[in-house]
Amino acid sequence: MPIVRASGLFRIYAVDGTPSPVLRDVDLSVEPGEFVAVMGPSGSGKSTLLHLLAGLDEPSAGTVELDGRDLAKLSENERTLLRRRTLGFIFQFFNLIPNLTVEENVALPWLLSGEEVRSREGDLAALLGSLGLAGKRRFLPHQLSGGEMQRASIARALAGKPKLLLADEPTGNLSSKAGEEVIALLRAARDREGRAVLLVTHNPRDAAAADRVLFLKDGVLSPEPVLRGPGLEAEDVVEGLRALGI
Ligand SMILES: Nc1ncnc2c1ncn2[C@@H]1O[C@H](COP(=O)(O)OP(=O)(O)OP(=O)(O)O)[C@@H](O)[C@H]1O
Ligand SMILES: [Mg+2]
């Protein structure tokens, strides 16, 4: 069973009374432990798609099943619990809470699910250590570099041991070195922990880390060309973009 499956997804906004379709009949499945990248021009609907998959927005038509549960059939509260249990979301602009320290931001998912954070000290130390943040535990977000902020937000996304990581241009605001580290961390989450990753990116080199690259254009997910790894190169991805006129 896919960890997330979208079928016939539409998202239509009304702009000045005129319906404006942002996603059109999108089908997408991600299997457990699979790393999928989605590329597409600005405004093609990538963030909209991720928000729908996470149940943060509702489709105009179509269904999203997260871990086998149809999101439309759940109450808001059930959706929140399912989201907490199943996925971690990584944002382009980090979305760390500015007045909480790194360790408080990372432990937030535990706090929200009512867990005793003190009893998770070992997990917290291991998580921060694995992301190179052991020395930054008590720092506030504004005292971190961009790469450190993104690593803290990855730590927070991983804290709940999610089956699926959704990452919306996580390297978009980073230097290329910090961006490479972020992609390596996503790969490690998949390779070592078996988590599925759905990565939205503009960067062909990032996309080449995926098992499969999909292209979104004008709200339509192109069935072809779909690039498949292993061993994808950035040049393959650039060629795929060119073939679609992106
Ligand atoms: N609330 C809204 N009302 C009307 N149109 C919207 C709304 N939110 C998003 N859109 C439109 O939906 C389209 C897709 O937006 P989306 O944020 O999904 O694009 P994207 O592919 O993530 O772009 P980028 O690469 O720039 O982040 C855009 O044209 C945007 O103007
Ligand atoms: Mg976007």
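Quick summary incoming for the structure in this document. These numbers come from a predicted model, not from an experiment.

On to the environment of S47, then. Relative to the helices and strands, S47 is located in helix 1 (residues 46-53). Taking C-alpha positions, S47 is 7.9 Å from V200, a pair spaced 153 residues apart along the chain.

Each pair of packed helices gets described by two things: the angle between the helix axes and the distance between those axes. Two elements in contact, helix 3 (residues 102-112) and helix 4 (residues 121-130), have axes whose closest approach is 11 Å; the angle formed by their N-to-C orientations is 115°. As helix 3 packs across helix 4, the resulting crossing turns out to be right-handed. Within the contact between the two elements, helix 3 uses E103, V106 and A107 and helix 4 uses L124, L127 and L128. Among the residues forming the contact of helix 3 with helix 4, the class breakdown is five nonpolar, no polar and one charged.

Take R118: it is sitting in the loop between helix 3 and helix 4. Overall, the presence of 8 C-beta atoms within 10 Å leaves R118 in the exposed class. Between the alpha carbons of R118 and L133 there is a distance of 18 Å; along the sequence they are 15 residues apart.

Around ligand 1 lies a shell formed by Y13, V15, V22, G40, S42, G43, S44, G45, K46, S47 and T48. For the shell around ligand 1, the secondary structure elements donating two or more residues are strand 1 (4-15) and helix 1. No other element matches the three residues that helix 1 contributes to the shell around ligand 1. Residues belonging to the shell around ligand 1 are distributed by class as follows: three nonpolar, seven polar and one charged.

Definitions and cut-offs
- Counting restarts for each chain, with residues numbered from 1 along the sequence as it is written.
- For naming, the first written chain is A and the first written ligand is 1, with later ones following in the order written.
- It should be noted that, the model being predicted, local features are given only for residues of pLDDT at least 70 and side-chain atom pairs only at 80 or more, the latter also being counted only at that level, while totals for whole chains, interfaces and linings use all residues.
- We count a stretch as a helix when DSSP gives it H or I for four or more residues in a row; a strand needs E for two or more, and each element gets its number in order from the N terminus.
- Every axis in this analysis is a line fitted to C-alpha atoms, fitted for helices over the stretch in contact. Angles between the N-to-C directions lie between 0 and 180 degrees.
- Each crossing gets its handedness from the near helix: less than a right angle anticlockwise from the far helix is left-handed, clockwise is right-handed.
- Remark: residues whose backbone-derived C-beta atoms lie within 7 Å of one another are considered to be in contact.
- Gly counts as polar in this scheme, as do all residues outside two lists: the nonpolar Ala, Val, Leu, Ile, Met, Phe, Trp, Tyr, Cys and Pro, and the charged Asp, Glu, Lys and Arg.
- Our exposure labels follow a C-beta count within 10 Å of each residue's own C-beta, placed from the backbone: buried means 20 or more other C-beta atoms, exposed means 12 or fewer, and partly exposed covers the counts in between.
- Nearness here is judged by the C-beta atom: place it from the backbone, and if it falls within 6 Å of a molecule or strand, the residue counts as near that partner.

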